[in-house]
Amino acid sequence: MVQESWSDILDKNLYQDLFGGRYAFPIANEKNRALEKQLKEKQKEVAVYNVKLQESNLRIETISDHFRDVQQQLQYTQQICKARQRELDAEVSLQKLLYHEEQWFLQQIQQYKKEIKELHEKQAARENSVTQYQHIIEEIKTAMQWDNSALGAWLDEQACQEEDILALLKYTEHDESKIKSLSNQPRKTGPNDAVTHVAKCELIQESKDLKFRSSGETFHINTEMNCTSKNLIYCVKCAGCGLDYIGQTRDQLGNRMTIHRQQINHPELRQIGLSKHLDQCVKEKHLKYSVVPFYKVGKDCEQTRKTMEKHFIHKYKLELNEIPLK
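Residues numbered from 1 in each chain as written. Predicted model: local features only at pLDDT ≥ 70, side-chain atom pairs only at ≥ 80, totals over all residues. Heavy atoms only, no water.

Caption draft 1: Molecular detail of the overall build of the chain. When you go through the chain residue by residue, the secondary structure sums to 7 helices and 5 strands. For the chain, the residues scored as buried account for 20% of the 326 residues in total. Restricting the contact set of the chain to residue pairs at least 6 apart, pairs at least 24 apart contribute 67%. For the chain, the exposed area adds up to about 25500 Å²; of that, 54% sits on carbon and sulfur atoms. (Helix = DSSP H or I, 4+ residues; strand = E, 2+ residues; numbered from the N terminus. Buried < 20%, exposed > 50% of the residue type's maximum accessible area, 1.4 Å probe, protein only. Contact = heavy atoms within 4.5 Å. Areas by Shrake-Rupley, 256 points an atom, 1.4 Å probe, with all protein chains shown as cover.)

Caption draft 2: Spatial organisation of the packing of aromatic side chains. Under the definition given, this model contains 8 aromatic pairs. Aromatic side chains phenylalanine 219 and phenylalanine 294 sit 5.2 Å apart centroid to centroid with 75° between the ring planes, which places their arrangement in the edge-to-face category. Taken together, the positions of phenylalanine 219 in strand S2 (residues 218-220) and phenylalanine 294 in strand S5 (residues 289-296) put the pair 75 residues apart, joining distant regions of the chain. A centroid spacing of 5.2 Å and a plane angle of 75° characterise the contact between phenylalanine 294 and phenylalanine 312, whose relative ring orientation is edge-to-face. One end of the pair, phenylalanine 294, is in strand S5; the other, phenylalanine 312, is in helix H7 (residues 302-316), with 18 residues separating them in the sequence. A relative accessible area of 2% places phenylalanine 294 in the buried class. Residue class for phenylalanine 312 comes out buried when judged on its relative accessible area of 4%. In textbook terms, an aromatic cluster arises when at least three aromatic residues are bridged by ring pairs, as seen for Phe212, Phe219, Phe294, Tyr295, Phe312 and Tyr316. (Phe/Tyr/Trp six-rings, centres within 6.5 Å; stacked < 30°, edge-to-face > 60°.)

Caption draft 3: Examining the sheet that holds strand S4 (residues 244-249) more closely. On the basis of which strands lie adjacent, the open sheet formed by 3 strands has the order S4-S3-S5 and antiparallel pairing. In this open sheet, the two strands that pair with only one neighbour each are S4 and S5. The average angle at which neighbouring strand axes cross in this sheet is 25°, direction not considered. Here strand S3 (residues 232-238) pairs with S5 via 7 bridges, running antiparallel. The residue of S5 that forms the bridge with lysine 237 is serine 290. Contacts from helix H5 (residues 253-265) reach S3, S4 and S5 within the one sheet, and its direction differs from that of S5 by about 145°. In this fold helix H6 (residues 273-281) packs onto S3, S4 and S5, with an angle of close to 30° to the strand it touches most, S3. (Pairing = 2+ DSSP bridges. Axes fitted to C-alpha atoms, helices over the stretch in contact; angles between N-to-C directions.)

Caption draft 4: Representation of H6 in the model. Along H6, the residues classified as buried are Gly273, Leu274, Ser275, His277 and Leu278. Buried-residue contacts for H6 involve S3, S4, H5 and S5.

Caption draft 5: Structural detail: unusual backbone geometry. For asparagine 231, which is not glycine, the phi dihedral falls at a positive 55°. With respect to the element layout, asparagine 231 can be found in the loop between S2 and S3. We note that lysine 317 has phi near 55°; this positive angle belongs to a residue other than glycine. Counting through the fold element by element, lysine 317 comes out in the segment after H7. You can call lysine 317 exposed: its relative accessible area is 54%.

Caption draft 6: Structural context of the packing of H5 against H6. Two numbers describe how H5 lies on H6: the axes approach to 8 Å, and their chain directions differ by 65°. Crossing angle aside, the handedness with which H5 passes H6 is right-handed. Contacts between H5 and H6 involve His260, Gln263 and Ile264 on the former and, on the latter, Leu274, Ser275, Leu278 and Asp279. Here the residues of the contact of H5 with H6 are counted per class, giving 3 nonpolar, 3 polar and 1 charged. (Left-handed = near helix turned anticlockwise from the far one by under 90°. Nonpolar A, V, L, I, M, F, W, Y, C, P; charged D, E, K, R; others polar.)

Structural data, given as structure tokens:
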């Protein structure tokens, strides 16, 4: 701190004494009093101005502080705006990226829809193929549907055929010439026997192949049979519509045809719907039907014949066998 000199102290005290009101200058005249009055007014104005100056300085200092705060707030706001702008730029870039990804996903979805449509079409085609194959399998199962009794009958028949072949070979080896001579001997028949034989056999056709109209399938006949053959399965063909009927008989085929003819001509004797159908379907023709024996049962067994008859009816889908009597 700088120390004041004695001269400075004296001048200061003198000034306070002279102008502080302790001492007053002598008033000489009115002019001096007017000047003193003006001096006091000016001093008051100076004091007022000093107060205003202090207030202004205080106000300026306050405004300066506020301005500094505003500047700091502005800088902070600008920093926030810049950060927000960077965020907006990042969002715009992200939106562009998402737009491209959305377009890619839409393309993928269209491609997947196309592939799904193609797969559905392939699935429908496969299902149609499976359905067709199932129908074929069912037809094969139906065609090959042999129950235990049918299989046993077939095995029995094969055994009988093998026995017949062995017996034939045995007789052939034993005396071939004797068998030949016996087979060439004429059978003695009377006039009545000839008429009866013609009546029985005029409807019977001997053939190597038998085609069924309902199924369109053909059965290959391996055994020669005629009206005197027994223990067999036969087919009756309607001369009017061409439909087929399958039956079985233990007796001679000619005798069985005689029964069919009687039932056709005499309604009171009818036992099956075939007789009524043949009578109504063919009225003018003398031969209302024809008969083809096509399957020789090796073993004389009614159960075997009925089993094979049922098997052929089911296999060839014969309609005449389903006709009721009434």
